[in-house]
Amino acid sequence: MDTFIQIAINALALGSLYALLSLGFAVIYNTVRIFHVLHGAAFLVAGYSTYWFTKGEIFGYSPGFNIWVSAAIGIVLAGVSGIVMELFIYRQFRKKGAGFLVSFLGSLAALFFVEGMLITVAKTTHRMARPGGPLPTVNIQNEALGLDLYFTWHTINTIWLVALLVVAVTLFFKYTQWGRMIRAVASNPDLAVAVGINASHVYLLVFILGSTLAGIGGVVQTYETGITPIVGIHLAITAAGGVIIGGIGSLPGAVVGGLALGLAQTLAAYFFGGNWAEPAGFVLLLLVVLFRPYGLHGTREHRELRRLL
Amino acid sequence: MQGIKSIRYGLLAFAAVAALMTVVACGGDDPTPTPAPAAPAAAPAPEPQVLKVGFTVPMSGTYAQWGRLASGMQCAIDELHDSGELGNVTMELLPEDSKADQAEGVTGLRKLASLDGAPVIMTIFTGIGLAQKPVADELEVVLVSSGIQNPKFAKGSDWVFRNALNTTWNADALVRYITEEAKEDLKGETWAVFKEEGNDSLDLQIDRLKELAAEMGFTVAVENYQKGDTKFDTPITKIKKLEPKIVQTMALGQELGLIFNAMAQQGVKPDYRLSGGGAEGNVDLIRIAGDNANGIIYSAPAYEAGADPRTQRFVDCYSKAQGGDTPDTYAASFYDGTLFIAEAVKSGADVSSAADIRDHLAKVKSVHGVSGRWDYTSDGDAWAPVSIGQVQDGKFVKIVSQIEPY
Amino acid sequence: MDYFADLAVKLSIFAILATSLNMSVGYTGLMSLSHAGFMGVGAYTFAILTTQSTNPPPGAEMFNLPYWPALLVAGIIAAVAAIIVSPILRLRGHFFVLATVTVQLTMVQVLLSWKWMTNGSLAIRDVPRPSFLGHVVGSPQEFLLFSVPVAIFLILVIRQLVQSPYGRVLTTIRANPSVAESIGKNVGFVRLRVFATTAFMAGIAGGLFCSYVTVAAHTQFLVEFSTFILVMVVLGGSGRWMGSILGVLGYILISEGVRFIPGIPPTMVGGVRTMLFAGLLFLAMMYRPQGLIGRYKLE
């Protein structure tokens with residue numbers, strides 16, 4: 001019985017992280033309609049910044065900041081990187097009228113470039129933004145129910161933090177002016193511009209929002225288990241996978257998709273072995289794409305869009 | 001119009017390619033330098049000579065960390081130069097990125113052997129070494145590895161030498177330690193292992209462990225993970241149910257520390273936490289697992305930092321080159337491998353002749369290196385003592401200096 | 001000069017891969033990142049059928065085919081794999097790309113995990129080289145004399161296909177599938193044929209490759225390699241079979257050239273190489289999406 005709960009908690013923890021990434025990806029995709037593989041870079045920026053400001057050194061100077069400060073810096077930098085991505089990359093592609101393939105390859109190239117730079121500068125050594133050792137755990141024991149559960153505070157914190165962010169983002173889109181503007185541009189860019197919404201500002205905002213979410217994920221991961229330069233692509237594909245499984249066009253869907261991916265990976269690891277975790281995620285993705293392409297929650301209009309793609 | 005343009009491009013490209021191929025095919029045939037005339041070990045020539053030692057090693061990608069072994073070798077070369085043991089011969093290390101890929105390793109080998117004229121090439125990783133083996137035979141250059149633990153590597157070719165620990169001895173050493181030194185009875189117990197998927201030398205070690213398990217009556221439970229994984233919660237949950245007496249990792253680099261952390265986080269506390277072959281000197285382990293690393297027992301070559309002045313110089317040199325990291329057993333093995341190669345120089349081989357170097361190396365009996373004493377067999381293989389160590393207070397401490405395989 | 005012969009062999013094999021992928025991407029509009037996977041399937045098939053190792057995988061022991069039939073079967077099995085995953089051809093745009101990535105990752109995982117047939121991580125060794133009139137091909141130069149004609153043959157086949165009226169069908173499907181349907185072409189079936197044919201070529205290239213390296217290992221056919229082949233196609237120019245050859249040439253020149261740039265320590269070569277390729281691809285997408293001599297400014 002307690003194995004079941006333990007697995008459920010593992011899955012929830014993993015799924016929350018994926019949900020966060022997928023949410024960020026979805027926020028961007030819904031409005032800009034680009035397969036933003038560069039999303040992984042925001043994660044890397046936040047993660048590495050957090051590391052450098054806490055334990056590492058920058059140009060020979062060791063800041064050694066408190067973890068909260070570094071985390072904040074990391075998240076802010078992730079948001080800034082989102083601005084850079086929009087201004088210097090996607091805006092340029094839009095101006096040239098580039099189609100999906102060109103901007104996708106451009107995005108991929110930029111991600112590889114960032115990773116290459118990190119490999120050259122920081123090498124592939126694993127970095128963790130905290131002193132070594134296991135994280136503080138909570139142990140719940142109950143003879144009667146046969147329970148002997150262990151989980152870390154970090155896991156618990158991650159879960160409720162992500163839940164909070166999801167709620168915050170949902171409220172943002174439903175009730176704020178900016179949220180409404182974004183939704184307007186997302187559903188009908190021409191009409192939105194016609195009624196006077198500044199689409200460029202909206203695009204910027206969307207990238208800031210999405211990249212910040214990815215940045216939070218980066219900080220969380222770097223604190224718990226560390227980071228290396230090559231995880232960028234995996235994360236981008238995972239984020240995209242979560243969005244597709246949950247249904248493009250739907251933010252709650254992205255969250256559900258991320259959770260589903262986490263669950264699939266955990267179950268595969270349990271029943272088949274750790275090395276099947278990643279492939280299982282992709283098989284799930286493949287199945288969804290083949291048999292239910294609008295995902296679990298896709299909105300009707302995106303369903304139509306997909307048929308035309 | 002399009003058709004004509006494409007014909008023009010076509011002709012251009014074909015011409016370019018054909019020219020390239022002609023140059024290549026008719027280019028110089030014999031890549032190896034002409035062997036020295038059959039004279040007894042020539043007295044050192046008056047001008048300084050250079051022994052070029054190539055090294056195909058992953059320097060990029062997931063396995064880029066192995067590039068640090070080049071520092072181990074360079075430190076050995078510096079030591080040899082300083083001590084004057086080589087006379088007026090200098091050794092030059094030429095590293096090439098093998099990207100942990102067979103084809104790249106072969107390309108690197110060809111470049112080193114034909115373009116750079118290196119008569120000796122050091123290599124690492126079984127898959128790459130085995131792919132390079134026939135090429136070494138073909139090009140008639142010496143191929144050495146201080147890191148390939150697969151015993152089949154050196155067999156069947158005069159040009160290949162292996163001076164690395166046999167991977168399966170890790171299994172022997174650990175089992176012997178548990179049963180004989182710690183005097184534990186393993187009958188009926190579970191010995192759980194975390195293994196990196198896709199690593200052939202680890203698979204050999206598992207096979208050996210299962211052999212020993214069958215003989216002694218304990219069960220081996222294997223959990224696989226993918227290289228680069230950071231989350232081990234689920235495999236650990238599975239192992240927890242089996243209540244293993246012993247949990248062993250066959251991991252290198254960051255996964256080692258992460259696995260032990262995850263174990264502590266889930267309350268898995270076996271009687272023994274072991275590591276075969278990847279723990280000693282693993283800086284990431286201490287960095288990631290902190291105090292939790294204390295008490296881990298591991299098998300390793302009998303290399304002892306600080307045991308003698310030369311070893312200390314090695315540690316200092318390596319730390320300087322690697323930004324403060326202390327050398328691990330692999331770095332020590334490659335240091336010793338360089339000493340092995342230098343033996344050919346010391347016994348008077350002609351450093352421009354791969355064949356001469358090969359003959360001299362085949363006659364080397366033993367080398368006292370930083371990992372202890374290596375004894376060389378007549379078929380190009382080697383043996384060095386295995387030791388057992390334990391992490392104590394964040395340091396790697398030997399607790400059994402020498403333990404033999406069964 | 002051995003070193004250059006080695007590069008030339010790689011060039012000839014990659015040319016087969018790039019040109020076939022071009023037929024898929026450039027002409028028919030099927031952007032596939034699974035090419036390396038099909039190559040791997042072909043390579044392993046070839047290895048299983050011909051290995052002379054002293055301890056081959058158990059599943060391989062029953063096979064012992066001569067060289068040329070094995071090469072053909074390698075291609076066929078790769079094509080069969082393509083047919084098995086063909087349901088993904090129904091998808092469009094991002095979905096198709098992601099689906100091909102999934103297929104790629106799955107194929108590699110199968111190669112790794114089906115130990116009985118493939119030896120898993122231990123790989124398959126002692127894959128033979130071809131022999132002519134009793135002489136076994138040894139050096140790269142000799143292999144070159146063998147691989148270049150094969151490559152030229154396959155490339156000419158592709159050229160024939162794409163320059164014929166059939167080729168026009170392909171480009172129509174890429175540009176506007178509904179038009180193609182309206183004139184009676186069964187779009188789905190054509191896509192399937194192209195996908196399977198290009199997989200067949202990739203399989204043969206895989207067989208050649210593992211015969212050259214004499215080893216078949218899963219690490220040689222990862223998704224990164226698929227990306228590189230795509231880059232070769234795109235940079236050279238999609239929609240023009242010659243473009244792929246130029247793309248391969250460029251790739252090999254840059255990738256080896258980085259080794260020779262003075263001032264870069266060997267440890268940085270890998271990172272610099274990635275940055276160079278990524279930078280080139282990015283600039284190309286931004287300023288010259290049609291690559292060197294491409295027909296289309298890729299949409």
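Caption draft 1: How the structure looks around the overall build of chain C. In terms of helices and strands, chain C carries 12 helices and 2 strands. Counting from the amino terminus, chain C carries its helices and strands in the arrangement α-α-α-α-α-β-β-α-α-α-α-α-α-α. A compact globule built from 299 residues should have a C-alpha radius of gyration of about 19 Å, and chain C, at 19 Å, falls within 12% of that. In terms of overall dimensions, chain C has a C-alpha envelope of 55 × 50 × 35 Å along the principal axes. In chain C, buried positions account for 61% of the 299 residues. If you take every contact in chain C between residues at least 6 apart in sequence, the share linking residues at least 24 apart comes to 79%.

Caption draft 2: Focus on the overall build of chain B. Counting its regular elements, chain B contains 12 helices and 15 strands. Residue burial in chain B is summarised as follows: out of 406 residues, 57% are buried. When contacts within chain B are restricted to residue pairs at least 6 apart in sequence, long-range pairs at least 24 apart make up 69% of them.

Caption draft 3: Layout of the domain arrangement of chain B. All names here are of chain B. The domain architecture assigned to chain B consists of domain 1 (49-165 + 304-384) and domain 2 (168-303 + 389-403). For domain 1 and domain 2, the distance between their C-alpha centroids amounts to 28 Å. Facing the 19 residues of domain 1 at the interface are 16 residues of domain 2. Contributions of two or more residues to the side of domain 1 that touches domain 2 are made by helix H4 (126-139) and helix H11 (329-346). It is H11 that contributes the most residues to the side of domain 1 that touches domain 2, 3 residues altogether. For the side of domain 1 that touches domain 2, the per-class residue count stands at 5 nonpolar, 11 polar and 3 charged.

Caption draft 4: Region of interest: the nonpolar core. Core analysis: the biggest nonpolar cluster contains 337 residues, and Leu23 of chain A, Val142 of chain B together with Ala78 of chain C have the highest contact counts within it. When residues of this core are assigned to domains, at least three map to each of domain 1 (49-165 + 304-384) and domain 2 (168-303 + 389-403) of chain B. When sequence neighbours within four positions are dropped, the list of residues in contact with Ala78 of chain C reads Phe38, Val41, Gly42, Ala199, Phe200, Ala202, Gly203 and Gly206 of chain C.

Caption draft 5: Focus on the sheet that holds strand E7 (residues 219-225) of chain B. Residues and elements named next belong to chain B. Spatial ordering of the open sheet is given by E7-E6-E8-E9-E10-E14-E15, a layout of 7 strands whose pairing is mixed. Here the strands that pair on one side only, and so sit at the sheet edges, are E7 and strand E15 (395-403). Ignoring which end each strand starts from, the neighbouring axes of this sheet average 25° apart. Direction of pairing for strand E9 (residues 272-276) relative to strand E10 (residues 297-301): parallel, over a ladder of 3 bridges. Across the sheet, the residue bridging to Ser275 is Tyr298, located in E10. Along the sheet face, helix H7 (residues 233-242) touches strand E6 (190-196), E7 and strand E8 (246-250) and points at about 170° away from the line of E7.

Caption draft 6: The arrangement of the interface of chain A and chain B in detail. Listed by partner, the interface residues are 30 residues for chain A and 35 residues for chain B. Breaking the side of chain A that touches chain B down by element, the ones donating at least two residues are helix H1 (2-32), strand E1 (137-142), strand E2 (147-152) and helix H10 (251-272) of chain A. Here the element with the most residues in the side of chain A that touches chain B is H1 of chain A; it accounts for 5 residues. Of the residues that constitute the side of chain A that touches chain B, the class distribution is 11 nonpolar, 17 polar and 2 charged.

Caption draft 7: Structural detail: the packing of helix H2 (residues 35-50) of chain C against helix H4 (residues 93-113) of chain C. All names here are of chain C. Where H2 meets H4, the axes come as close as 8 Å, and the angle between the chain directions of the two elements is 25°. On the basis of their axis angle, the class for H2 and H4 is roughly parallel. Crossing of H2 against H4: the hand is left-handed. For the pair H2 and H4, the contacting residues are Ala36, Gly37, Gly40, Val41 and Tyr44 in the first and Val103, Gln104, Met107, Val108 and Leu111 in the second. When the residues that make up the contact of H2 with H4 are grouped by side-chain class, the tally is 7 nonpolar, 3 polar and no charged.

Caption draft 8: Layout of the pairing of E9 of chain B. The element E9 of chain B is extensively covered by neighbouring structure, given that 4 of its 5 residues are classed as buried. Each parallel crossover has a hand, and for E8 of chain B linked through helix H8 (residues 254-265) of chain B to E9 of chain B it is right-handed.

Caption draft 9: The arrangement of the sheet that holds strand E13 (residues 382-383) of chain B in detail. Residues and elements named next belong to chain B. On the basis of which strands lie adjacent, the open sheet formed by 3 strands has the order E11-E12-E13 and antiparallel pairing. In the strand order of this sheet, the two ends are held by strand E11 (366-369) and E13, each with one partner. Judged from the 2 bridges that link them, strand E12 (residues 372-376) and E13 form a sheet pairing that is antiparallel. The partner of Tyr376 across the bridge, within E13, is Ala382. Where H11 meets the sheet, its contacts fall on E11 and E12, and the angle it forms with E11 comes to roughly 140°.

Caption draft 10: Spotlight on the confidence of the model for chain C. Residues of chain C with pLDDT of at least 70 account for 96%, and the chain-wide mean is 83. At the level of chain-chain contacts, confidence expressed as ipTM amounts to 0.80, with global pTM at 0.80.

Caption draft 11: Fine view of unusual backbone geometry. All names here are of chain B. The backbone of Phe125 sits at a positive phi, close to 85°, despite the residue not being glycine. In this structure, Phe125 sits in the loop between strand E3 (120-123) and H4. Given 27 C-beta atoms within a 10 Å radius, Phe125 is considered buried.

Caption draft 12: Representation of helix H10 (residues 223-236) of chain C. Residues and elements named next belong to chain C. Given a rise of 1.5 Å per residue, 14 residues ought to cover 20 Å, and the 20 Å separating the end C-alpha atoms of H10 matches this to within 8%. Listing the buried residues of H10 in full gives Phe225, Ser226, Thr227, Phe228, Ile229, Leu230, Val231, Met232, Val233, Val234, Leu235 and Gly236. Gly237, located one to two residues past H10, shows a positive phi value of around 125°.

Caption draft 13: Highlighting the environment of Tyr335 of chain B. Residues and elements named next belong to chain B. Mapped onto the secondary structure, Tyr335 falls in helix H11. Along the sequence, Tyr335 and Tyr406 sit 71 residues apart, while their C-alpha atoms lie 27 Å from each other. The residues touching Tyr335, leaving out its near neighbours within four places in the chain, are Gly72, Met73, Cys75, Ala76, Phe314, Gly369 and Val370.

Caption draft 14: Geometry of the environment of Gly243 of chain C. Looking at the secondary structure, you find Gly243 of chain C in helix H11 (residues 241-260). Those residues in contact with Gly243 of chain C that sit more than four places away from it in its chain are Asn22, Gly236, Gly237, Ser238, Gly291, Leu292, Ile293 and Gly294 of chain C.

Caption draft 15: Expanded view of H11 of chain C. Between its first and last C-alpha atoms H11 of chain C spans 30 Å; for 20 residues at 1.5 Å apiece the expected length is 28 Å, and the two agree. Residues of H11 of chain C that are buried include every one of Trp241, Met242, Gly243, Ser244, Ile245, Leu246, Gly247, Val248, Leu249 and Tyr251 of chain C, and no others.

Caption draft 16: Structural context of the packing of helix H1 (residues 2-27) of chain C against helix H6 (residues 140-163) of chain C. All names here are of chain C. Across the interface, H1 lies against H6 with an axial gap of 9 Å and an inter-helix angle of 15°. By the angle between their axes, H1 is roughly parallel relative to H6. At the point where H1 passes H6, the crossing takes the left-handed sense.

Caption draft 17: Here's a closer look at the pairing of E1 of chain A. All names here are of chain A. The buried fraction of E1 is low, at 0 of 6 residues. Of the strand pairs in this sheet, E1 and E2 are connected by 6 bridges, and their pairing is antiparallel. In the strand pairing of E2, Ile140 is matched with Leu149. Counting the residues that bridge the hairpin from E1 to E2 gives 4 residues, and of these Gly146 lies at a positive phi of roughly 70°.

Caption draft 18: Examining the environment of Asn275 of chain A more closely. Turning to its location among the elements, Asn275 of chain A is positioned in the loop between H10 and helix H11 (277-291). In the structure, Asn275 of chain A is positioned 10 residues away from Gln265 of chain A in sequence and 9.8 Å away in space, judged by C-alpha atoms. Setting aside its immediate chain neighbours within four residues, Asn275 of chain A contacts Glu197, Asn224, Tyr225 and Gln226 of chain B.

Caption draft 19: Spatial organisation of the confidence of the model for chain B. Overall, the predicted model of chain B reaches an average pLDDT of 80, with 85% of residues at or above 70. Within the model, pLDDT remains below 50 along residues 22-45 of chain B, and this stretch shows 37 contacts once partners closer than five positions in the same chain are excluded.

What counts and how
- Position numbers for residues start from 1 in each chain and track the written sequence from start to end.
- Key to labels: chains lettered from A, ligands numbered from 1, both in the order written.
- Per-residue local features of the predicted model are confined to residues with pLDDT of at least 70, and side-chain atom pairs are confined, for both listing and counting, to 80 or more; whole-chain, interface and lining totals are unaffected and use all residues.
- Numbered from the N terminus, helices here are DSSP runs of H or I no shorter than four residues, and strands are runs of E no shorter than two.
- In this setup the radius of gyration rests on C-alpha atoms only. A globule is expected at 2.2 Å times the number of residues raised to 0.38.
- Buried means a residue has 20 or more other C-beta atoms within 10 Å of its own C-beta, exposed means 12 or fewer, and partly exposed covers the counts in between; C-beta atoms are placed from the backbone.
- Remark: residues whose backbone-derived C-beta atoms lie within 7 Å of one another are considered to be in contact.
- Segment limits for the domains were obtained from an automatic or database-derived domain assignment.
- By the convention adopted, Pro, Cys, Tyr, Trp, Phe, Met, Ile, Leu, Val and Ala count as nonpolar, Lys, Arg, Asp and Glu as charged, and the other residues, Gly among them, as polar.
- In these notes, a nonpolar core means any group of buried Ala, Val, Leu, Ile, Met, Phe, Trp, Tyr and Cys residues linked to one another through C-beta atoms within 7 Å.
- Pairing between two strands requires that DSSP report at least two bridges joining them.
- Axis lines are fitted through C-alpha atoms, for helices just across the contact stretch, and the angle between N-to-C directions can take any value from 0 to 180 degrees.
- Here is the rule for angles: anything less than 35 degrees is roughly parallel, anything more than 145 is roughly antiparallel, 65 through 115 is roughly perpendicular, and the remaining ranges are oblique.
- Crossing handedness is defined as follows: a turn of the near helix away from the far one that is anticlockwise and smaller than a right angle gives a left-handed crossing, while the clockwise case is right-handed.
- Viewed with both strands pointing away, a crossover whose connecting path from the first strand over the helix to the second turns clockwise is right-handed.
- Confidence of the predictor at the level of single residues is given by pLDDT, which spans 0 to 100.
- Helices are assigned an expected span. That span is 1.5 Å times one less than the residue count.

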